[in-house]
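As a plain string of letters, each chain reads:
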Amino acid sequence: GYTRDFPLEQLYRDNRLNMIHEGTHGIQAMDLLGRKVAMGKGAGLKLLISEISETVRDARQAAASEVTNTHAATLELLASDLEEHAALLRTTTAEAMTEAA
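This structure is a prediction, so every number in the text was calculated from the model and none was measured.

Please set out the nonpolar core residue by residue, giving values where relevant.
In terms of nonpolar packing, the biggest core is built from 8 residues, these being V37, L45, I49, I52, V56, A59, A79 and A86. Looking at this core, the elements that each hand over two or more residues are α2 (43–64) and α3 (72–100). No other element matches the 5 residues that α2 contributes to this core. Among residues more than four places away in sequence, those in contact with A59 are L75 and A79.

Listed below in structure tokens is the structure:
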């Protein structure tokens, strides 16, 4: 590889690579939303939302059990947050898909 004795040169080279990584992430994000989320009429996203809903249900059941009673409030709060974010994911994706169509 290419090396020099000055740390500033290494920082400059590393920073130049950041632009390449950021561009790659942007392309992957566009591909994910524009193509892969829509595959199979959104089957992958539906599966993800289903898994999230199952996790929320399990957390609420654990919160209701006597075994985890000391953490019930925390589990309920986390379950509610996860449910809220899943709803945002559903809404945002539906809007983006509508705009892309």
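Talk me through the side chain of T93; I want residue IDs and the actual numbers.
Relative to the helices and strands, T93 resides in helix α3. Taking relative accessible area as the criterion, T93 reaches 8% and is therefore assigned buried. A polar side-chain atom of T93 sits 2.7 Å from the main-chain carbonyl oxygen of L89. With near-sequence residues (within four places) excluded, T93 lies in contact with L33, V37 and L45.

Outline the environment of N15, supporting the account with residue identities and numerical values.
Relative to the elements of secondary structure, N15 occurs in helix α1 (residues 7–36). As for N15 and L47, which are separated by 32 residues in sequence, their C-alpha atoms are 38 Å apart.

Got a sec to walk through the pattern of salt bridges? Specific residues and values, please.
Side-chain pairing between opposite charges can occur once the charged atoms of the two side chains come close. Within the structure shown, the criterion is met by 5 salt bridges. Among the salt bridges present, the one from D31 reaches R35, with a minimum N-O distance of 2.7 Å. Taken together, the positions of D31 and R35, both in helix α1 and 4 residues apart, correspond to about one turn of that helix. Classification of R35 as partly exposed rests on a relative accessible area of 45%. Here R60 and E76 are joined by a salt bridge, their closest N and O atoms 3.0 Å apart. You can see R60 sitting in helix α2 and its partner E76 sitting in helix α3, a full 16 residues away along the chain. Of the residues examined, R60 reaches a relative accessible area of 27% and is grouped as partly exposed. Look at the salt bridges and you will find they share partners, linking D31, R35 and K36 into a network.

Calculation criteria
- Residues numbered from 1 in each chain as written.
- Predicted model: local features only at pLDDT ≥ 70, side-chain atom pairs only at ≥ 80, totals over all residues.
- Heavy atoms only, no water.
- Core = buried A, V, L, I, M, F, W, Y, C linked by side-chain atoms within 4.5 Å.
- Buried < 20%, exposed > 50% of the residue type's maximum accessible area, 1.4 Å probe, protein only.
- Helix = DSSP H or I, 4+ residues; strand = E, 2+ residues; numbered from the N terminus.
- Contact = heavy atoms within 4.5 Å.
- Polar contact = N/O pair within 3.5 Å; in protein donor to acceptor, adjacent residues only side chain to side chain.
- Salt bridge = Lys/Arg side-chain N within 4 Å of Asp/Glu carboxyl O.

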